Amino acid sequence: NSKRTKGLVPVLSATKRCILLSGTPAFARPMELWPQVQILGSCEDQSLSSEDEFVRKYVKGRSKSRLAELHTLLIGTLMIRRMKT
């Protein structure tokens, strides 16, 4: 995490509304998703409730099925993805 991200997490977490934009393919490096997930708030799913659990499940335990699970979870809760046409 960059210093800027670490500084913004508490500020953005305290806001009522927050929209994060990224041009980076999110699933190429799942660890880079954690600050965004933390800022937007955890879901009912326990895999997004702590950084340790997120890393264990989606970074260290990375597989095609885990990435598909993460994609489904994020699309259903936190993420809107625009597809290029």
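Whatever comes next refers back to the structure up there.
Residues numbered from 1 in each chain as written. Predicted model: local features only at pLDDT ≥ 70, side-chain atom pairs only at ≥ 80, totals over all residues. Heavy atoms only, no water.

Caption draft 1: Representation of the overall build of the chain within the structure. When helices and strands are counted, the chain shows four helices and zero strands. Helices and strands appear in the chain in the N-to-C order α-α-α-α. Of all 85 residues assigned to the chain, the portion counted as buried reaches 24%. The long-range share in the chain, meaning contacts at least 24 apart out of those at least 6 apart in sequence, stands at 49%. Surface exposure of the chain reaches about 6,500 Å², of which carbon and sulfur atoms provide 53%. (Helix = DSSP H or I, 4+ residues; strand = E, 2+ residues; numbered from the N terminus. Buried < 20%, exposed > 50% of the residue type's maximum accessible area, 1.4 Å probe, protein only. Contact = heavy atoms within 4.5 Å. Areas by Shrake-Rupley, 256 points an atom, 1.4 Å probe, with all protein chains shown as cover.)

Caption draft 2: Structural context of the environment of Leu70. Of note, Leu70 is situated in helix α4 (residues 64-77). Leu70 sits in the buried class, given a relative accessible area of 0%. Separated by 16 residues in sequence, Leu70 and Phe54 have C-alpha atoms that sit 9.6 Å apart.

Caption draft 3: Spotlight on α4. When the terminal C-alpha atoms of α4 are compared, their 20 Å separation across 14 residues agrees well with the 20 Å that a helix rising 1.5 Å per residue should span. Those residues of α4 that fall on the buried side of the exposure criterion are Leu67, Leu70, Leu73 and Leu74. Axial view of α4: buried residues confined to an arc of 125°, hence all on one face. Opposite its buried face, α4 presents the exposed residues Lys64, Ser65, Thr72 and Gly76, each directed more than 90 degrees away. Those residues of α4 that are buried lie in contact with α2 (34-40) and α3 (51-60). (Expected span 1.5 Å × (residues − 1). Arc of directions from axis to C-beta.)

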